[in-house]
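The residues making up each chain are set out below.
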Amino acid sequence: ETGVTQTPRHLVMGMTNKKSLKCEQHLGHNAMYWYKQSAKKPLELMFVYNFKEQTENNSVPSRFSPECPNSSHLFLHLHTLQPEDSALYLCASSQDLQGLNTEAFFGQGTRLTVV
Amino acid sequence: EDKVVQSPLSLVVHEGDTVTLNCSYEVTNFRSLLWYKQEKKAPTFLFMLTSSGIEKKSGRLSSILDKKELFSILNITATQTGDSAVYLCAGIYNTDKLIFGTGTRLQVFP
């Protein structure tokens, strides 16, 4: 256990559904991240939050909508997804923005399948 | 275009073998390089390398960064079946941005 918890672990949704992924950490970290890991592709950073404020949106389509109500919780709201959005979505947190002398702790991920 | 390239893509060895995983990078404003081990789902942190030529060690794992030639290696000695995983390399640039390689899949057989 890394201290970062993601729910659900698996999710199957239709293209017209709306669902949310949840990430929670009680490590006292200030920065939280959403990553997407597709088969045979590098891990892709999607969003970065620092002290609840979004500092990075890596050209992610608007059908992915993040929410960070406090430093311990991060959500990824999903709507009208496409089959190519099927992937493992990983949440991570770090003491501060990933720079010198810090590392990120990852959750177990949510395996998302869009049908 | 910034990129991180790992090689080999996959590796199959027997227990007791020593392996070397490679990571080369072309990253603007490079700050540090990270190595992660990914078993099943959650990547776990192994090393952060910032200075060139200084080896970091943790048990049977060691890693070093060459900022002149823009690469890093991860060595695993006396491999065990529990070392089977995908090993990810990532470059940190501009303080808070991260770019990952596709990973090296290591399989260790008894």
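Residues numbered from 1 in each chain as written. Chains lettered and ligands numbered in written order. Predicted model: local features only at pLDDT ≥ 70, side-chain atom pairs only at ≥ 80, totals over all residues. Heavy atoms only, no water.

S.K.: Mind laying out the overall build of chain A, listing which residues take part and the relevant values?
M.R.: Helix and strand counts for chain A come out as zero helices and 11 strands. Seen in sequence order, chain A has helices and strands lined up from the N terminus as β-β-β-β-β-β-β-β-β-β-β. When the backbone C-alpha atoms are referred to their principal axes, chain A occupies close to 40 × 25 × 25 Å. Relative to its full complement of 115 residues, chain A shows a buried share of 49%. Distance from the positive charge centre (10 side chains) to the negative charge centre (10 side chains) of chain A: 10 Å. (Helix = DSSP H or I, 4+ residues; strand = E, 2+ residues; numbered from the N terminus. Buried < 20%, exposed > 50% of the residue type's maximum accessible area, 1.4 Å probe, protein only. Lys, Arg positive; Asp, Glu negative; His and termini not counted. Charge placed at Lys NZ, Arg CZ, Asp CG, Glu CD.)

S.K.: Report on the confidence of the model for chain B, specifying residues and quantitative values.
M.R.: Low-pLDDT stretches of the model should not have their predicted coordinates read in fine detail. With 98% of its residues at a pLDDT of at least 70, chain B reaches an overall mean of 92. Summarising per-element confidence for chain B, the mean pLDDT is lowest in strand β10 (residues 97-100) of chain B (82) and highest in strand β8 (residues 71-76) of chain B (98). (pLDDT = per-residue confidence, 0-100.)

S.K.: Go over unusual backbone geometry, please, and point to the residues and values.
M.R.: Note the cis peptide between T7(A) and P8(A), where omega equals -10°. By secondary structure assignment, the location of P8(A) is in the loop between β1 (4-7) and β2 (10-13). Following S7(B), the chain continues into P8(B) via a peptide bond in cis, with omega recorded as -10°. Here P8(B) is to be found in the loop between β1 (3-7) and β2 (10-14). One non-glycine residue, K52(A), lies in the positive phi region at around 75°. In this structure, K52(A) sits in the loop between β5 (44-50) and β6 (53-57). Residue K52(A) is classed as partly exposed on the basis of its relative accessible area, which comes to 41%.

S.K.: So what's going on with the packing of aromatic side chains? Which residues, and what values?
M.R.: Geometrically, a pair of aromatic rings is defined through the distance of the ring centres and the angle of the planes. Counted under the stated rule, the structure contains eight aromatic pairs over all chains. Between Y36(B) and F100(B), the aromatic rings sit 6.0 Å apart at their centres with planes inclined by 40°, giving tilted as the arrangement. Of this pair, Y36(B) sits in strand β4 (residues 30-38) while F100(B) sits in strand β10; the two residues are 64 residues apart in sequence, bridging distant segments of the chain. A residue is classified by how much of its surface remains accessible, and Y36(B), at 0% relative accessible area, is buried. Counting every residue linked through ring pairs, the aromatic cluster contains Y33(A), Y35(A), F106(A), Y36(B), F45(B) and F100(B). (Phe/Tyr/Trp six-rings, centres within 6.5 Å; stacked < 30°, edge-to-face > 60°.)

S.K.: Account for the interface of chain A and chain B, with residues named and values stated.
M.R.: Each side of the interface is counted separately: chain A has 24 residues, and chain B has 20 residues. In total, about 1900 Å² of surface goes out of reach between chain A and chain B, with carbon and sulfur atoms giving 59% of it. Summed over the shared surface of chain A and chain B, the number is zero salt bridges. In this assembly, chain A and chain B are joined by two residue pairs in polar contact (both at pLDDT 80 or more). Looking at the side of chain A that touches chain B, the elements that each hand over two or more residues are β4 (31-37) and β9 (87-94) of chain A. (Contact = heavy atoms within 4.5 Å. Buried area = accessible area lost by both parts, 1.4 Å probe. Salt bridge = Lys/Arg side-chain N within 4 Å of Asp/Glu carboxyl O. Polar contact = N/O pair within 3.5 Å; in protein donor to acceptor, adjacent residues only side chain to side chain.)

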